[in-house]
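Chain and residue survey
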Amino acid sequence: MTEITPAGGTALPTRRFGTTDMAITRVGFGAWAIGGAGWASAWGSQDDDESVAAIRHAAEVGINWIDTAAVYGLGHSEEIVGRALREIPAAQRPYVFTKGGLIWNEADRTANSKRIGAAASLRGEVEASLRRLGVERIDLYQLHWPVDDGTPVETYWQTFLDLKREGKVRAVGLSNHNVEQLTRAASVGHVDSLQPPFSAIRRDIAAAELPWCAAHDTAVIVYSPMQSGLLTGAFTAERAAALPKDDWRSRAPNFTGDGLVRNLALAEALKPVAARRGTSVAVVAVAWTLSWPAVTGAIVGARSPAQVDGWLDAASLELTREDLAEIATAIETTGAGTGPVR
């Protein structure tokens, strides 16, 4: 494991990104929420200046990658990332990871996007992302979801490999794909990375996808390690009830009913571990995902510099066997989520 020394002087550990020539910090900046309001999976209105400040701060403290997607804010997140990149010195600029394959309807921006894998569509998306981001090459380009337009996995994956060979992108990956789909893609060419959901609540990928990636030298960058705020230690039932209608979480099962009760009980049970390690529940939740050997990095969202500081310790925290055993017991006792606990 190598280290990156940010402007502040504290070295952040990195891990090699699969078989690529990149090494990434253990946490990366997630740009979903900064896409703003007015689309199907929005987090509500955001302050663009604050979003840019958050990205700049993440780079200043040593975070060396950003994960975004064309669909986040229907192009807006990539535009904000591009604006922030222009304000960051070239030597300090982070890697940019983005995703495509979701086509939205400008006439109805709140409708769900269509999952398209046709080569012409993907190529058009790459060009649009390059323009919005203001870069000559995307460091990692990922298919956001398995498609529903009938394009076979092997066909759309060949398009991704072609884009890599042509130099439009540096590495290629899949997001939200299962083992069967990964295996089909790998029959055409190496899968550089997988981006799945993973947290102490949503643990299902530990059963199959993580072992597959470890066996195939495929990097794994997990998203929602704090389960969209549930595992921060600051979330409450009252806050869940008060979520505005334009926040997708107001409609999600994990944020209502018995599921919410179990999830908040798990967050409460993480507090002794956090206290013992002198950190926050949010940091422990992220570090738990990074304790799985197949996981290369975790994507953590932020909408302000202060939120970046709230999870930065996860970039270097290594949980002990005692910590992990206590967390496993807490998961089993509360009944939160699904999937393997160890």
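Residues numbered from 1 in each chain as written. Predicted model: local features only at pLDDT ≥ 70, side-chain atom pairs only at ≥ 80, totals over all residues. Heavy atoms only, no water.

Looking at an unreviewed UniProt entry, the protein chain carries the name Aryl-alcohol dehydrogenase-like predicted oxidoreductase, with the source organism given as Inquilinus ginsengisoli.

1. Focus: the overall build of the protein chain
For the protein chain, the helix and strand inventory stands at 12 helices and 13 strands. Computed over C-alpha atoms, the radius of gyration of the protein chain comes to 19 Å, within 12% of the 20 Å expected from 2.2 N^0.38 for 342 residues, which places it in the range of a compact globule. When each of the 342 residues of the protein chain is scored for burial, the buried share is 56%. Once local pairs closer than 6 in sequence are excluded, the contacts in the protein chain between residues at least 24 apart make up 74%. Roughly 13700 Å² of accessible area belongs to the protein chain as shown, and the carbon and sulfur atoms make up 51% of that amount. Both charge centroids of the protein chain, one from 33 positive and one from 39 negative side chains, sit 1 Å from each other. (Helix = DSSP H or I, 4+ residues; strand = E, 2+ residues; numbered from the N terminus. Rg over C-alpha atoms; globule rule 2.2 N^0.38 Å. Buried < 20%, exposed > 50% of the residue type's maximum accessible area, 1.4 Å probe, protein only. Contact = heavy atoms within 4.5 Å. Areas by Shrake-Rupley, 256 points an atom, 1.4 Å probe, with all protein chains shown as cover. Lys, Arg positive; Asp, Glu negative; His and termini not counted. Charge placed at Lys NZ, Arg CZ, Asp CG, Glu CD.)

2. As for the pairing of strand β13 (residues 297-301)
Counting buried positions over the 5 residues of β13 gives 4, a clear majority of the element. The pairing of strand β4 (residues 27-30) with β13 spans 4 bridges and is parallel. Bridged to G30 within β13 is G301. In the sheet, strand β12 (residues 219-222) pairs with β13 via 2 bridges, with the strands oriented parallel. Residue V222 lies in a different strand from β13, and its bridge partner there is A298. (Pairing = 2+ DSSP bridges.)

3. Looking at the UniProt feature "domain: NADP-dependent oxidoreductase" (unreviewed entry) in the protein chain
The sites that carry the UniProt feature "domain: NADP-dependent oxidoreductase" (unreviewed entry) are, in the present numbering, residues 27-330. The annotated region residues 27-330 carries 39% helix and 14% strand content, and the separation between its end C-alpha atoms amounts to 24 Å. (UniProt positions renumbered as here; feature names shortened; annotations may be inferred.)

4. Some points on the packing of helix α4 (residues 153-165) against helix α5 (residues 179-186)
Their axes nearest at 8 Å, the elements α4 and α5 cross at an angle of 55 degrees. When the axes of α4 and α5 are compared, the pair comes out oblique. When the axes of α4 and α5 are compared, the crossing they make is right-handed. Here α4 contributes V153, E154 and W157 to the contact with α5, which in turn contributes Q181, R184 and A185. When its residues are assigned to classes, the contact of α4 with α5 shows 3 nonpolar, 1 polar and 2 charged. (Axes fitted to C-alpha atoms, helices over the stretch in contact; angles between N-to-C directions. Parallel < 35°, antiparallel > 145°, perpendicular 65-115°, else oblique. Left-handed = near helix turned anticlockwise from the far one by under 90°. Nonpolar A, V, L, I, M, F, W, Y, C, P; charged D, E, K, R; others polar.)

5. Some words on the environment of D247
Looking at the element boundaries, D247 is found in the loop between α7 (237-241) and α8 (257-269). Placed 224 residues apart in sequence, D247 and A23 show a C-alpha to C-alpha distance of 34 Å.

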